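So you can see what is in the structure, the chains are spelled out below.
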Amino acid sequence: MQAATQGMDTALGRISSGVAHSEDTAEAIAGIHNTMANMVNRIRDIARATEEQSVASQDISSHVEHINHMSQQTDQQIHVASEETAQLRALGQQLEALVQRFRAGARRHELDLLPSETPIQPLLCGAEADALAMAAALERQGFWVAAIRPPTVPEGSARLRITLSVAHTEGDVDKLLD
């Protein structure tokens, strides 16, 4: 009987050992389950963050495309402005050349021009009647030249106001001087 008791004790020890081992295994499995649940939550967080980054990247990409488009438009506008500036510079040089041509011709004809480097050239006539007569004579030849007289200017200093523009040609200036 002793052998049977001993056998039962041994079997009971093995069962207890198996139960303890099963409990350890269950705890290990529960730990693995918790770790995996945490990993799944972290993966979900990473997926959300990745999605948010993707949306942000798309927004950034859209903004970069918009900036590139605006940059191209700005480049085109700068090119147009540069061309227009060159055209304006050329017109300014053309007008300056007309003013210089007129002043040189006026000196050759010994006309009494007042100092002016602008497109408005004052030609001193003296008497109001002389300024009006010269303006009328020029108008008959197709030139509109304003007579400036008192009270706008002092007595005895009536003048013609000759205004040149880029619409005039060198021929127009030469005809005016003749």
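As for the nonpolar core
Phe102, Leu160, Ile162 and Leu164 are the most contacted members of the largest nonpolar core, which has 21 residues in total. For this core, the secondary structure elements donating two or more residues are α1 (2-108), β1 (120-126), α2 (128-140), β3 (158-163) and α3 (170-177). The element best represented in this core is α1, accounting for five residues.

As for the pattern of salt bridges
Per the counting criterion, the structure on display carries five salt bridges. Between arginine 149 and glutamate 128 there is a salt bridge; the shortest N-O distance is 3.2 Å. With arginine 149 in the loop between β2 (146-148) and β3 and glutamate 128 in helix α2, this pair connects stretches of sequence that are 21 residues apart. Accessibility expressed as a relative area gives 34% for glutamate 128, which makes it partly exposed. Because the salt bridges share partners, they merge into one network encompassing Arg101, Glu170 and Asp174.

Thoughts on α2
If you check α2, its first and last C-alpha atoms are 19 Å apart, about what 13 residues at 1.5 Å a residue would give, namely 18 Å. Backbone geometry just downstream of α2 places glycine 142 in the positive-phi region, at approximately 95 degrees.

Thoughts on α3
Within the span of α3, buried status applies to Val173, Leu176 and Leu177. Mapping the buried residues of α3 onto a view down its axis gives an arc of 95 degrees, with all of them on the same face.

With respect to the side chain of serine 157
Within the element layout of this structure, serine 157 appears in the loop between β2 and β3. Here proline 154 takes part through its backbone oxygen, which lies 2.6 Å from a polar atom of the side chain of serine 157. Every residue in contact with serine 157, bar those within four places of it in the chain, is listed here: Leu124 and Gly126.

Conventions used here
- Residues numbered from 1 in each chain as written.
- Predicted model: local features only at pLDDT ≥ 70, side-chain atom pairs only at ≥ 80, totals over all residues.
- Heavy atoms only, no water.
- Core = buried A, V, L, I, M, F, W, Y, C linked by side-chain atoms within 4.5 Å.
- Buried < 20%, exposed > 50% of the residue type's maximum accessible area, 1.4 Å probe, protein only.
- Helix = DSSP H or I, 4+ residues; strand = E, 2+ residues; numbered from the N terminus.
- Salt bridge = Lys/Arg side-chain N within 4 Å of Asp/Glu carboxyl O.
- Expected span 1.5 Å × (residues − 1).
- Arc of directions from axis to C-beta.
- Polar contact = N/O pair within 3.5 Å; in protein donor to acceptor, adjacent residues only side chain to side chain.
- Contact = heavy atoms within 4.5 Å.

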